[in-house]
Each structure stands twice: as structure tokens, then as C-alpha cells.
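Residues per chain, in single letters:
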Amino acid sequence: MSFPRTLGELRQSPFSEPRLRDRRVKDELRDNLVARLRSKEQVFPGIVGYDDTVVPQIVNAILSRHNFILLGLRGQAKSRILRALTGLLDPQLPYVAGCEIHDSPYSPICRHCRNEIAKHGDQTQIAYLTPDERYVEKLATPDVTIADLIGDIDPIKAARGGHELSSELTVHYGLLPRANRGIFAINELPDLAGKIQVGLFNIMQEGDVQIKGYPVRLALDVAMVFSANPEDYTARGKIITPLKDRIGSEVRTHYPATVEEGIVITAQEAWTRRDGYQLHLPKYVQEVIERVAFAAREDKKIDKRSGVSQRLPISATENVISNAERRAIANDEKVVVPRISDVYAALPAITGKLELEYEGEMKGADHVSRELIRVAIAKTFDDYFSGVDMRQIVQWFDLGGEIQVADSAASRDVLSHIKTIQGLMEKLSALDVSPKAPLESQVSAAEFVLEGLYAHKRIGRNEERVFTAGEKQPKKPEQRTYEREEPSRGRRPYN
């Protein structure tokens with residue numbers, strides 16, 4: 001499609017002056033959101049678990065034409081939501097060609113653009129912006145200055161153009177003016193210095209700012225959105241009260257409410273499509289990985305204020321698949337099927353995601369992570385085998401049986417040993433694994449059963465992954481209760 005290239009052609013096009021002159025970017029977001037709601041389309045594709053909580057609040061903020069902030073712990077898709085806002089912008093937006101702040105051809109705020117239109121009239125050249133070009137994001141750090149965000153006086157411009165330093169023609173624009181007629185996002189807002197936050201709310205409310213002592217009027221058309229961790233988490237700074245007061249809506253994000261939601265997010269984000277090998281990722285392995293994060297969020301040894309990012313199960317899943325892939329390559333297997341032992345091999349993707357409390361620091365991240373995996377295995381095992389009689393398998397170990405299931409061992413070698421365990425293979429039907437399933441799937445399922453019994457301390461396992469009989473708990477001696485003997489009373493003598 002060819003678009004108008006001059007101001008005269010633009011006036012006769014769908015980008016006409018009556019349609020665009022007074023239409024602000026927040027009106028544009030609102031109009032496109034209303035159209036999406038009417039068509040029953042998903043507002044934020046790819047955002048899982050927020051349909052009944054976060055998304056309705058963001059929709060209300062956009063319908064209200066608010067600047068808003070997303071408050072939540074790390075790994076709660078805050079930045080992803082902010083970037084998804086570009087989906088509510090028009091596919092094309094005309095602006096005066098060559099303008100640094102993408103000025104509207106119908107109501108320019110830039111002195112340079114006003115001069116160009118006055119000089120060339122309907123022959124003024126027009127260019128177009130895509131939605132992605134209208135999104136500007138800045139990570140807040142303590143060293144950010146007003147010059148970075150708003151702009152600074154450029155003495156070279158003043159010298160070459162013969163302008164006074166107070167002239168707006170001498171300003172070198174910062175990120176915020178360059179986001180004019182678009183969305184400006186600031187991540188980790190509390191890290192921004194207080195005086196810079198003052199400059200932001202001045203722009204938001206009054207539309208002006210002082211640069212090097214010279215007042216500059218910038219009637220910008222910007223939708224401002226922010227993200228931050230809750231104030232009780234970050235010790236690096238806080239949001240100043242006047243700025244907080246000018247942010248229209250405060251939306252709280254959260255972690256997935258259910259394991260199923262977490263699995264969907266992890267499957268969406270993790271790199272699982274590997275070249276050269278067929279991958280089968282069992283559902284119970286996915287559940288164990290996801291429950292590690294859930295267990296960590298409840299564990300007293302993990303810092304609640306820091307949170308446990310959803311990146312933990314994503315990174316762990318990638319490591320689990322990689323360990324299974326390494327085993328398949330080494331043993332010339334055609335199907336990559338992760339096992340529970342691969343979850344333990346993914347410890348490097350888990351330990352770095354945990355912020356430990358004092359008790360956790362004393363035990364160490366590796367020990368805490370192993371305990372979290374064990375808890376996750378036990379809960380997942382209960383989902384599949386609650387009420388199932390496992391006494392025959394336990395008895396096999398109690399009678400002296402033992403078996404090694406190394407994470408690097410070939411499936412064909414492990415399976416020949418596993419089949420000797422009485423009653424084990426019959427239990428795999430609960431995992432939808434039949435005797436005709438690939439060897440790799442049978443071994444993975446059988447190992448899950450053994451790991452589940454170990455997690456419940458019904459059998460034992462050492463560091464070399466040799467499964468043996470569990471330690472017998474010493475029986476407590478029966479405490480016999482004796483009736484207190486009443487002291488014998490002598491007969492009262494008669495007088």
C-alpha cells in the first residue's frame with residue numbers, strides 16, 4: 001500500500017486532519033482496545049494467568065486514559081506486558097519527515113516543524129512510524145540524568161544556528177521527547193533519582209521542564225507506563241509521593257496461581273525445539289520442575305520479598321532437556337526423554353535464582369535446591385499414585401535388592417535391570433506408559449516411581465544414584481501406663 005508523501009495528499013487521505021488533529025495517543029490506545037474487546041480478541045496474546053486479575057485492571061486503566069504502573073516481584077511478565085501495548089497502536093502514523101520528536105503535521109509543537117510547514121505548505125514531506133518505533137523503554141538507574149530523559153542544551157546547535165541558549169532550537173532532545181506520540185516505559189522506577197522523578201511528573205502534569213535554568217515548554221503527547229518491585233523489597237530507592245500521585249492506576253502482578261498455568265508459561269518461553277533429535281518431555285517431569293518454583297515460594301529459607309522468578313522453571317527445563325540430549329547423543333538414542341535425574345542435573349539453573357534467608361545461607365543453595373526438588377517430586381508422585389499399593393516394590397528393596405540408575409546410563413541397559421524389580425513395570429500405566437512404549441519413556445517413568453518412593457523415604461538412594469532399602473525407623477518402646485496405687489490406710493482403731 002502506498003501512503004501519502006506530502007501534507008496536501010495527507011489531507012485527502014484516511015489520515016485526514018479531522019481524524020488525527022485532536023486524537024491523542026491515549027485516545028488511540030482506547031479506540032483500538034475497544035475494537036479488540038468488541039471482536040472478542042485476546043487483549044495481550046501470550047500473557048498467561050492474568051485473564052481474571054491483572055488484564056482487567058490494565059484494560060480499565062487504558063479505557064480511563066491513565067498513565068499506570070505495574071508493581072510486582074521479578075519474573076512476573078511486567079516488561080512483556082508493557083511491550084505488548086504496541087499491539088494497541090495504529091499500524092501507521094504520519095509525522096513530519098526529519099522531525100526528531102515525530103511531530104504531527106496538523107498540530108506541531110516543535111519550532112523546526114512549524115517553520116517547515118510555514119515554508120513548504122502542502123508540499124511538506126511526510127514519513128510514517130510503525131507501532132514498534134513508537135515504543136521507547138528505559139531501565140532506570142541511579143546515574144540517569146535529566147539530559148538523558150528530557151534533553152540538554154546543545155551549544156554547537158546554538159553556535160551554528162546563531163540562536164540564543166534559551167531558544168528551543170538549541171535543545172538536544174532526550175528519550176522522553178523522542179517518544180512523542182508513542183509509549184514511554186520506565187522499568188524499575190524506584191531506582192530513578194528523586195530529582196529526575198520530579199522532572200518526570202512536571203512533564204506529565206504541566207508539560208514543561210527547566211533545562212540548565214532555561215524553561216522549555218514541551219506539550220508532549222505520551223502514554224507513560226512504569227514497572228517496579230514493591231517498595232518493601234527494594235532498598236535502592238522509592239517512588240516519590242508527587243509522582244505516585246500523578247500515576248493514574250497501580251496494578252499488582254503475581255506469579256502463576258496453579259501448576260498448570262506455570263507449565264503453559266514455561267512451555268511457551270523455554271527453548272524446547274532442538275535440532276536433530278525427537279523430544280518427548282513427560283508431563284510428570286514438567287510438573288516436578290514447576291513445583292520446584294512453587295515449593296521455593298513457600299519455603300521459609302527463601303527470601304519472600306525477593307520472590308522466585310518464573311525464569312527458574314524456564315531455565316531449569318532447558319537444562320533438563322540439555323542433559324537428556326547429552327545422554328541421547330552419548331548412547332546413540334533416537335528419542336530424547338528427560339528423567340527425574342536430569343532435574344537434579346539442572347541445579348545450576350536453580351541455585352542462582354534463589355535469594356536465601358539466614359537459615360538457607362547456613363545450609364547452602366545446593367542443599368536447599370535438592371530439598372525443593374525432593375518436595376516437588378513427592379507432591380507430583382502423590383498426584384499419580386495416591387492410594388496405589390507400592391509394598392511389593394518396597395519389599396523387593398527390603399529383601400536386599402538394589403539398582404543403580406545413573407543419569408548418563410543408556411536406557412537399554414537400565415531397563416534390563418529395572419524389569420527385575422517386582423511390581424514396578426505394572427505401575428507405569430498410571431503415567432500412560434505401556435510395555436510397547438519406547439525404552440527411553442519406560443526408563444523415565446520407572447525412575448520417577450523410584451524417586452517418588454525415595455522422596456517419601458520408603459526406599460533409600462545415595463549420591464551415586466544407587467537405590468536401596470530405606471532406613472528403618474526404630475520402633476518406639478511402648479509406654480505402659482500404670483495405675484497409681486493408693487497408699488493402704490490402716491483401720492481406725494476402736495475406742
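Look up: the structure comes first, before these words.
Now for a description of the structure that goes with this document.

Each value, and the rule that gives it
Residues numbered from 1 in each chain as written. Predicted model: local features only at pLDDT ≥ 70, side-chain atom pairs only at ≥ 80, totals over all residues. Heavy atoms only, no water. Helix = DSSP H or I, 4+ residues; strand = E, 2+ residues; numbered from the N terminus. Buried < 20%, exposed > 50% of the residue type's maximum accessible area, 1.4 Å probe, protein only. Contact = heavy atoms within 4.5 Å. Areas by Shrake-Rupley, 256 points an atom, 1.4 Å probe, with all protein chains shown as cover. Lys, Arg positive; Asp, Glu negative; His and termini not counted. Charge placed at Lys NZ, Arg CZ, Asp CG, Glu CD. Core = buried A, V, L, I, M, F, W, Y, C linked by side-chain atoms within 4.5 Å. Pairing = 2+ DSSP bridges. Axes fitted to C-alpha atoms, helices over the stretch in contact; angles between N-to-C directions. Parallel < 35°, antiparallel > 145°, perpendicular 65-115°, else oblique. Left-handed = near helix turned anticlockwise from the far one by under 90°. Nonpolar A, V, L, I, M, F, W, Y, C, P; charged D, E, K, R; others polar.

Before going further, it helps to spend a moment on the overall build of the protein. On a plain count of helices and strands, the protein comes out with 21 helices and 16 strands. Expressed as lengths along the three principal axes of its C-alpha atoms, the size of the protein is roughly 120 × 90 × 45 Å. Considering the protein as a whole, with its 495 residues, one finds that 50% of them fall into the buried category. Of the contacts made within the protein by residues no fewer than 6 positions apart, 76% connect residues no fewer than 24 positions apart. As presented, the protein carries roughly 26,000 Å² of accessible surface, and 48% of it is formed by carbon and sulfur atoms. Computing the positive centroid from 69 side-chain charges and the negative centroid from 71, the protein places the two 3 Å apart.

Counting 58 residues, the largest nonpolar core has Leu 354, Ile 393, Phe 397, Phe 448, Val 449 and Leu 450 as the members making the most contacts within it. Elements with a minimum of two residues in this core: helix H13 (283–298), helix H14 (311–330), helix H15 (340–345), helix H18 (365–385), helix H19 (391–398), helix H20 (411–418) and helix H21 (439–455). Per element, the largest residue contribution to this core is nine residues, and it comes from H21. With near-sequence residues (within four places) excluded, Phe 448 lies in contact with Tyr 284, Val 288, Ile 340, Ile 377, Thr 380, Phe 381, Tyr 384, Phe 385 and Leu 431. Ranked by size, the runner-up nonpolar core spans 44 residues in total, among them Phe 3, Ile 117, Val 136 and Leu 192.

Here the focus is the sheet that holds strand E10 (residues 222–228). Taking strand neighbours across the sheet as the criterion, the five strands line up as E4-E7-E10-E1-E11 in an open arrangement whose pairing is parallel. The open sheet terminates on both sides in strands that have one partner only, identified here as strand E4 (135–139) and strand E11 (249–252). Taking each pair of neighbouring strands and ignoring which way they run, the sheet shows an average axis angle of 20 degrees. Of the strand pairs in this sheet, strand E1 (residues 68–71) and E10 are connected by four bridges, and their pairing is parallel. By the bridge assignment for E10, Phe 68 is matched with Val 225. Packed onto the sheet, helix H3 (residues 25–38) meets strand E7 (182–187) and E10 and runs at close to 75 degrees relative to E10.

We now examine the sheet that holds strand E15 (residues 459–461). The antiparallel open sheet is built from three strands, whose spatial order is E14-E16-E15. Each end of this open sheet is capped by a strand with a single partner; those strands are strand E14 (403–404) and E15. Direction of pairing for E14 relative to strand E16 (residues 466–469): antiparallel, over a ladder of two bridges. Residue Ile 403 lies in a different strand from E16, and its bridge partner there is Phe 467. Its contacts with the sheet place H21 against E14, E15 and E16, and it is angled at close to 100 degrees to E15.

Moving on, we get to the packing of H13 against H14. The contact between H13 and H14 brings their axes to 9 Å, and the two run at 140 degrees. With respect to H14, the element H13 is oriented oblique. Handedness of the crossing formed by H13 with H14: right-handed. Every residue of H14 that contacts H13 at Val 285, Ile 289, Glu 290, Val 292 and Ala 293 is listed here: Leu 312, Pro 313, Ala 316, Thr 317 and Val 320. Along the lines of polarity and charge, the residues of the contact of H13 with H14 split into eight nonpolar, one polar and one charged.

Another aspect to go through is unusual backbone geometry. A positive phi angle is found at Lys 40, which is not glycine, with a value near 65 degrees. Turning to its location among the elements, Lys 40 is positioned in the loop between H3 and helix H4 (54–63). Positive phi, normally seen in glycine, also occurs at Asp 432, with a value near 60 degrees. As for its position among the elements, Asp 432 is in the loop between H20 and H21. Relative accessible area serves as the criterion here: at 74%, Asp 432 is assigned to the exposed category.

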